[in-house]
Amino acid sequence: MLTASSTARVFFRHLRSISKSAVASGYQQANVIILPSYLADDFEAFCHSNSTALPLLYRSQSGEASCPPLARDADIRTDIAWYCVYEDGQLVKTVSSLQSYSDEPRTGSERLVPWSDMVCFYLGCSYGFEGRLKNAGVPIRNVEQGRNISMYRTAVPCVPVGKFSCPLVVSMRPVPAGMLNVAVQICHRYPQAHGAPIHIGDPAFLGVQDVSSPDYGDPAEFQPGDVAVFWACGVTVKEAIFSSKPPLAFSHSPGSMFLTDIPDSSPSLMTPPSDNVAPPTTSPDPDLTPLCFLVSHKPLLYSLASQRAVDKIRLLETIIGEDPVHRGIKALFVQDELLHSCLALSHSSSVAITTGFPTHYMHSPPDETDGPPGAIAMATMLLALGKQVTLITDRRALEMNKAIIDEAVRTGVLKTAVPLVTFEDSGPDSALHFLCHDGDPSKPKYDHLVAIERSGRAEDGNYYNMRKVSVTHLLDPIDDLFIAAMDIPGITTTGIGDGGNELGMGKLKEKVKNLMPNGSIIACVVPADYAITAGVSNWGGYAVACGLYLLNTCPSHQRYLKKGLGKESTTPPAEFQQDWAANLPSVNKEETILATLVRFGIRSGVSGRLAMEVDSLSFHPTHSDIITRLLEVTRGPAAAIRHP
């Protein structure tokens, strides 16, 4: 008895159409590329190096027209509605059958390469999970609108192998924002159908300038609340043919797929079920299930991270929220500010960090020991991850901070010196010119600004310590950079504080005014996109460093960052992970940098003592215990003990 998919292939052979019942019955589909045998090994390696775009299901023998692991009684020469024919890497025509290329005698282009020397590759297709999306209530807009799916040539290069060097092609489906998690988690279960999305949000991140003009397929109409969701696409094979320029090659025509005998309810695409055996099912590991989070509105960007990584970062957030100084900081807590900030920083390439709170205005230097250690901890991890890092300081503290950085490098706390710059208000566009090349808001120098324990401007324009004393005369207007960044697409901001008077805490100003001591006077009014609150601000910096480590060792997040490309798209090389681990904060490193600050005459924030303490809390046991607990969450108890 013929299955619905077998029946559909018969329709293809004789009527060049597919029965609606075959599609409705729900079978996995495959992309197809047929190449001369001399390119076959390189193309297989190309697939393995770019497996999200080109999930290889089956490679035929030379001249083989069937594919037993995927379908019974199949003939690739006749079982697709439309084929593209290429000569010397150029598309020359579209045909409904390849039969003439295997019949003897042959004439014309059919003689370029004999069929007996052609190798067929069958690749997974995202159509395979559309039935599951629909069953979960996720609308498939192009199907609703009776259109082919939208596909785009991106500016993202695939990993090259031999003659195959081409851009990634992606498919796009508009998905309601409220259903993004559902869509991501369903697709994640089908890695051989391209798996989870590789980008969600503004298409410009992929080099796609106009989503209404796809390179392949048809444009989709967005409904209110829809977000553009992009998957790696098997039409990348067309670009692979263009780049390798074989004398003769074939592919499916975009939208005309090969129908397998594998039900779309099966996560496996390798073994068609027998008549008497149900298709296999798998239960995904809930710890590895990706979750979707909004990272930025300008431009729109979502990111993915596994449930396991998210849970650990939330635990980090709980640890740093402890309040041993009893300031009442827990009243300002907003869940997942740490997570969102870490996700945004993970996507960044150039980060500027500022710190400095001259609370001891009667001393020289007036600065406190909270802030610089956390700033250096973040800078260390960001540098290890390959980001550009710049530190911004006040002119009065420039030479001292240069010396502190040099000492941090000498003692091994920092691997390399970090550029240290100042900002001063020299006119109405000073902040814009500081943040952007040539003052052009479309060319930002930085994509993330971080303030940690940095004095923040109050409602009256002054800067206050927790005792309501103005320290305005000791500060440069670095707040202006955060204000200007609000209007510059592509710059995200984070503020880290422990009292509500720090730069970035303007996001929480009403809570600060109503709930914190002296809040109505000291509350900072300059907001950041993300406001991380901690019992001690340094702890927030340590948690950011740990959160970045967790994200960059998270398979779901790594795959998303790398667009699913490369053999190590989900697991970084061991030497990278070892280097990142070595650049986490540690008890020894943080004790060393605190001792350096004390030698420079920098005092504890609350007590004013020149001692090994921060905010009146001695380094041992309070701060060392927090660092150890953060490391235990990040790498496990044993690793925390071994950490230098």
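Residues numbered from 1 in each chain as written. Predicted model: local features only at pLDDT ≥ 70, side-chain atom pairs only at ≥ 80, totals over all residues. Heavy atoms only, no water.

1. A word on the overall build of the protein chain
So, point 1. Check the secondary structure of the protein chain and you find 21 helices and 21 strands.
So, point 2. Counting only residues that meet the buried cut, the protein chain has 59% of its 644 residues in that class.
So, point 3. For the protein chain, the proportion of contacts with a sequence separation of at least 24, taken over those separated by at least 6, is 74%.
So, point 4. For the protein chain, the accessible area works out to roughly 24000 Å², and carbon and sulfur atoms hold 53% of it. (Helix = DSSP H or I, 4+ residues; strand = E, 2+ residues; numbered from the N terminus. Buried < 20%, exposed > 50% of the residue type's maximum accessible area, 1.4 Å probe, protein only. Contact = heavy atoms within 4.5 Å. Areas by Shrake-Rupley, 256 points an atom, 1.4 Å probe, with all protein chains shown as cover.)

2. Description of unusual backbone geometry
So, point 1. The omega angle of the peptide bond from Lys-298 to Pro-299 is -5 degrees, so this bond is cis rather than trans.
So, point 2. Tracing the sequence through the fold places Pro-299 in the loop between β12 (290-297) and β13 (300-306).
So, point 3. With an omega of 0 degrees, the peptide bond running from Ser-364 to Pro-365 counts as cis.
So, point 4. You can see Pro-365 is positioned in the loop between β14 (350-356) and α10 (372-384).
So, point 5. Located in the positive-phi region is Asp-88, a residue other than glycine, with phi close to 55 degrees.
So, point 6. Tracing the backbone shows Asp-88 in the loop between β3 (83-87) and β4 (90-95).

3. Some remarks on the pairing of strand β9 (residues 226-232)
So, point 1. The buried count for β9 comes to seven of seven residues, which makes it a mostly enclosed element.
So, point 2. Of the two faces of β9, both are covered, the one formed by Asp-226, Ala-228, Phe-230 and Ala-232 as well as the one formed by Val-227, Val-229 and Trp-231.
So, point 3. Alignment of strand β7 (residues 167-176) against β9, held across seven bridges, turns out to be antiparallel. Note that in β9 the partner of Pro-176 across the bridge is Asp-226.
So, point 4. Pairing analysis gives two bridges linking strand β8 (residues 199-200) to β9, with the strands arranged antiparallel. Counted as the bridge partner of His-199 is Phe-230 from β9. (Pairing = 2+ DSSP bridges.)

4. As for the sheet that holds strand β17 (residues 448-454)
So, point 1. Taken together, the six strands give an open sheet; going across it, the order is β16-β15-β14-β17-β18-β19, and neighbouring strands pair in parallel fashion. Among the strands making up the open sheet, the edge pair consists of β16 (420-422) and β19 (530-533). The average undirected angle you get between the axes of adjacent strands in this sheet is 25 degrees.
So, point 2. Bridge count between β14 and strand β15 (residues 388-393): five bridges; the pairing is parallel. Bridge pairing in β15 places Ala-352 opposite Thr-390.
So, point 3. Strands in contact with helix α9 (residues 337-347) are β14, β17, β18 (492-497) and β19; relative to β19, the strand with the most contacts, it is inclined by about 125 degrees.
So, point 4. Strand contacts of helix α16 (residues 537-552): β17, β18 and β19, with the helix running at about 135 degrees to β18, the strand carrying the most contacts. (Axes fitted to C-alpha atoms, helices over the stretch in contact; angles between N-to-C directions.)

5. What to know about the environment of His-199
So, point 1. In this fold, His-199 is placed in strand β8.
So, point 2. By relative accessible area, which is 2% here, His-199 ends up buried.
So, point 3. Residues His-199 and Tyr-302, spaced 103 residues apart in sequence, show a C-alpha to C-alpha distance of 7.6 Å.
So, point 4. Sequence-distant contacts of His-199, that is, excluding residues within four places in its chain, are made with Phe-205, Leu-206, Ala-228, Val-229, Phe-230, Leu-301 and Tyr-560.
So, point 5. Of note is the side chain of His-199, whose polar atom sits 2.7 Å from the backbone oxygen of Asp-202. (Polar contact = N/O pair within 3.5 Å; in protein donor to acceptor, adjacent residues only side chain to side chain.)

6. Thoughts on helix α8 (residues 307-320)
So, point 1. Its 14 residues place the ends of α8 20 Å apart at the C-alpha level, agreeing with the 20 Å of an ideal helix rising 1.5 Å per residue.
So, point 2. Of all the residues in α8, the buried ones are Ala-309, Val-310, Ile-313, Leu-316, Glu-317, Ile-319 and Ile-320.
So, point 3. In the core, the buried residues of α8 are packed alongside β12, β13, α9, β19, α16 and α20 (619-635). (Expected span 1.5 Å × (residues − 1).)

7. Side note on the nonpolar core
So, point 1. Within the largest apolar cluster, 93 residues are counted, with the highest numbers of intra-cluster contacts made by Ile-200, Ile-353 and Val-544.
So, point 2. Element by element, the count of residues in this core is highest for α16, at ten residues.
So, point 3. Not counting chain neighbours up to four residues away, the residues in contact with Ile-353 comprise Ala-375, Met-378, Ala-379, Leu-382, Val-389, Thr-390, Leu-391, Ile-392, Val-450 and Ile-452.
So, point 4. Formed by 34 residues, the second largest nonpolar core is a distinct cluster that contains Cys-84, Ile-198, Ile-241 and Ala-249. (Core = buried A, V, L, I, M, F, W, Y, C linked by side-chain atoms within 4.5 Å.)

8. Details of empty space enclosed by the protein
So, point 1. Evaluated as defined, the whole model comprises seven cavities of 30 Å³ or more.
So, point 2. Here the largest cavity is characterised by a volume of approximately 230 Å³.
So, point 3. Taken together, 21 residues make up the lining of the largest cavity; nearest its centre are Thr-355, Pro-372, Leu-391, Thr-393 and Asn-401.
So, point 4. Among the secondary structure elements, those contributing two or more residues to the lining of the largest cavity are β14, α10, β15 and α11 (398-410).
So, point 5. Residue composition of the lining of the largest cavity, grouped by class: 13 nonpolar, four polar and four charged.
So, point 6. In this structure, the second largest cavity spans a volume of roughly 90 Å³.
So, point 7. Every residue lining the second largest cavity is counted, 15 residues in all, and those nearest its centre are Asn-31, Cys-125, Tyr-127, Met-151 and Cys-233.
So, point 8. Across the lining of the second largest cavity, the residue classes break down as nine nonpolar, six polar and no charged. (1 Å grid on protein atoms, 1.4 Å probe; cavity = no way out; pocket = protein on both sides within 12 Å on 5 of 7 lines; lining within 4 Å. Points joined across faces, edges and corners; volume = space filled by probe spheres on them. Nonpolar A, V, L, I, M, F, W, Y, C, P; charged D, E, K, R; others polar.)

9. A closer look at the packing of α8 against α20
So, point 1. The geometry of α8 relative to α20 is characterised by a closest axis approach of 9 Å and an angle of 170 degrees between their N-to-C directions. When the interaxial angle is binned, α8 and α20 end up roughly antiparallel. Residues Lys-312, Leu-315, Leu-316, Ile-319 and Ile-320 of α8 lie in contact with α20, whose contacting residues are Ile-626, Arg-629, Leu-630, Val-633 and Thr-634.
So, point 2. Its residues assigned to classes, the contact of α8 with α20 shows seven nonpolar, one polar and two charged. (Parallel < 35°, antiparallel > 145°, perpendicular 65-115°, else oblique.)

10. A word on the layout of surface pockets
Unoccupied space between atoms shows up once a probe the size of one water molecule is rolled over them.
So, point 1. Approximately 460 Å³ is the volume found for the second largest pocket.
So, point 2. For the second largest pocket, the lining is made up of 25 residues, of which Phe-205, Leu-301, His-347, Ser-348 and Asp-447 are closest to its centre.
So, point 3. Broken down by secondary-structure element, the contributors of at least two residues to the lining of the second largest pocket are β12, α9 and α17 (555-561).
So, point 4. Looking at the lining of the second largest pocket, the element that brings in the most residues is α9, giving three residues.
So, point 5. When its residues are assigned to classes, the lining of the second largest pocket shows twelve nonpolar, nine polar and four charged.

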